[in-house]
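Breakdown of the fold
Next come the chains, spelled out residue by residue.
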Amino acid sequence: MTGAQYGPGIDVQPNVMIGTPGEEGDPPAFGTDATIRSGTIIYSGVQIGDRFQTGHNAVVRERTAIGDDVTVGTNAVIDGKTTIGSSVSLQTGVYVPPYTDIGDQVFLGPHAVCTNDPYPVRRDDGLVGPTLEDHVSIGANAVLLPGVTIGEGSFVAAGAVVTEDVPPETLAVGAPAVHRELPEPLDGGNLI
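Treat the numbers as computed from the prediction; the structure is a model and nothing was measured. In this numbering scheme, every chain counts its residues from 1 along its sequence in written order. Whole-chain, interface and lining totals are the exception, using all residues; otherwise, since this is a predicted model, local features are given only for residues with pLDDT of at least 70 and side-chain atom pairs are given and counted only at 80 or more. Side-chain metrics rest on all non-hydrogen atoms present in the structure, leaving aside hydrogens and water.

Notes on the pattern of salt bridges
The term salt bridge refers to a pairing of a side-chain nitrogen on Lys or Arg with a carboxyl oxygen on Asp or Glu at a separation within 4 Å. What the rule picks out here adds up to 4 salt bridges. Close ionic contact of D79 with R61 constitutes a salt bridge, the shortest N to O distance being 3.7 Å. Of this pair, D79 sits in the loop between β11 (77–78) and β12 (83–84) while R61 sits in the loop between β8 (59–60) and β9 (65–66), and the two are 18 residues apart along the sequence. With a 1.4 Å probe rolled over the protein chains alone, any residue whose accessible area is under 20% of its type maximum counts as buried; one over 50% counts as exposed, and the rest are partly exposed. Judged by relative accessible area, R61 falls into the partly exposed class, the value being 26%. Residues joined by salt bridges that share partners form a network here, namely R61, E62 and D79. What counts as a helix is a DSSP run of H or I of at least four residues, what counts as a strand is a run of E of at least two, and both are numbered from the N terminus.

Laid out in structure tokens, this is it:
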């Protein structure tokens, strides 16, 4: 925890790692009244607002900016290079990859998964996470594919697989996956 910046009222429980040894960047900075539960790891270069709290074993990776009143649930992972607004709740097991933008007043239910690699291990076209605008709710076990935008006030139902943008104030339901022939750009082996 050396070098981390804390506001008043922070409760850091045992077995927490704040700032990563050998990691470049500024030490993490916290606002006031945070609760960081055991097993949590918060990397260097993270900026967190007031009234932040985690469940157990949460991970917040480098170059992440988090607003006020944010909860990161047990076993949730924010994989860095991400922006999260204020009044956001990431429930147990949520995964947020790099290059994801989350607005204010957003809820991600248990085990919701955001993705950022359009062609995993097949092509290197760069990573692009989803954008969740203000007042979005994402149900349990929903999956958001790379680059999709979930419009303001939208609701993504539990188990939905979002493959394209969701307009504002819209309900997204179901899994639209279909079987098709592998397209030519993806033909060939993996690039591992």
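Let's talk about the nonpolar core
Within this scheme, the nonpolar core is defined by two criteria: the residues are buried Ala, Val, Leu, Ile, Met, Phe, Trp, Tyr or Cys, and they are joined through side-chain atoms within 4.5 Å. Core analysis: the biggest nonpolar cluster contains 39 residues, and F52, L90, L108, I138 and I150 have the highest contact counts within it. When residues of this core are traced back to their parent elements, those giving at least two are β10 (70–72) and β13 (88–90). Sequence-distant contacts of L90, defined by excluding residues within four places in its chain, comprise T71, V72, G73, I78, I84, V96, I102 and L108. It only takes one pair of heavy atoms within 4.5 Å for two residues to be counted as in contact.

Comments concerning the sheet that holds strand β18 (residues 131–132)
Any two strands with at least two DSSP-identified bridges between them are counted as paired. As summarised here, the arrangement of the 7 strands in space is β3-β6-β9-β12-β15-β18-β21, forming an open sheet in which the pairing is parallel. In this open sheet, the two edge strands, each paired with only one partner strand, are β3 (29–30) and β21 (149–150). Sheet topology places β18 next to β21; 2 bridges connect them, and they run parallel. Counted as the bridge partner of L132 is I150 from β21.

Everything listed is a geometric property; what it means functionally is a separate question.
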